[in-house]
Amino acid sequence: MSTYTATIRWNRSGDGDFAKGQYSRAHEWAFDGGAVVPASASPHVVPAPWSDPHGVDPEEAFIASLSSCHMLFFVDFARRAGFVLEAYVDEAEGVLEKRADGKMAMTRVTLRPLVTWGGSSPDKAAIDDLHHRAHDACFIANSVNTEVTIEQ
């Protein structure tokens, strides 16, 4: 078992009326390795000036977590199979929508990895297998019920 931590810091600032929801959602995420990330509510959910479009919002972080986890396993499985990767870029996209029960949820995430191979590249069947194995192994994908698809 492993335990992971993050420290989330927010302080009320500005001149808005807190009782009316007029307060900044900007905050920061601090991680054990020292990284500090500016964060905010999504501007799609909370309009400016009460959100910070420069901060990472939880929805973006969710998509990035799924994509990053998938990539880390994909690269390692490719290495173990004897393939060499030079680059991996994923323009991942998530859809936030209302579920049948009326609750908002990130219902679908689409990963669009573009892999640059060094040397000989695997055939489509081998690449599909690497993606399948990476998806099955990804801790984050195994932790959610969001539909995750991979487009190549």
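That block above? That's the structure.
Here is what the cut-offs are and how they apply
Residues numbered from 1 in each chain as written. Predicted model: local features only at pLDDT ≥ 70, side-chain atom pairs only at ≥ 80, totals over all residues. Heavy atoms only, no water. Phe/Tyr/Trp six-rings, centres within 6.5 Å; stacked < 30°, edge-to-face > 60°. Buried < 20%, exposed > 50% of the residue type's maximum accessible area, 1.4 Å probe, protein only. Helix = DSSP H or I, 4+ residues; strand = E, 2+ residues; numbered from the N terminus. Lys NZ or Arg CZ within 6 Å of the ring centre and 35° of its normal. Salt bridge = Lys/Arg side-chain N within 4 Å of Asp/Glu carboxyl O.

(A) Focus on the packing of aromatic side chains. The tally for this structure, following the rule as stated, stands at seven aromatic pairs. Between phenylalanine 18 and tyrosine 23, the ring centres sit 4.7 Å apart and the planes meet at 40°, which makes this aromatic pair tilted. In this structure phenylalanine 18 comes out as partly exposed when scored by relative accessible area, which is 44%. Since its relative accessible area comes to 22%, tyrosine 23 is described here as partly exposed. Here phenylalanine 73 and phenylalanine 77 contribute two aromatic rings whose centre-to-centre distance is 5.9 Å and whose plane-to-plane angle is 35°, an arrangement assigned as tilted. Residue phenylalanine 73 and its partner phenylalanine 77 are located together in helix H1 (residues 58–80), separated by four residues, close to a single helical turn. One cation-aromatic arrangement involves arginine 25 over tyrosine 23; the distance from NZ or CZ to the ring centre is 3.8 Å. Over the ring of phenylalanine 77 we find arginine 133, and its NZ or CZ is 4.4 Å from the ring centre.

(B) Seen up close, the pattern of salt bridges. According to the stated counting rule, one finds nine salt bridges in the structure shown. Across the pair glutamate 97 and arginine 108 runs a salt bridge, and its minimum N-O distance is 3.5 Å. One end of the pair, glutamate 97, is in strand S5 (residues 93–98); the other, arginine 108, is in strand S6 (residues 104–111), with eleven residues separating them in the sequence. Taking the relative accessible area as the measure of exposure, arginine 108 reaches 36% and is therefore partly exposed. One network of salt bridges, in which partners are shared, links Asp76, Arg79 and Arg80.

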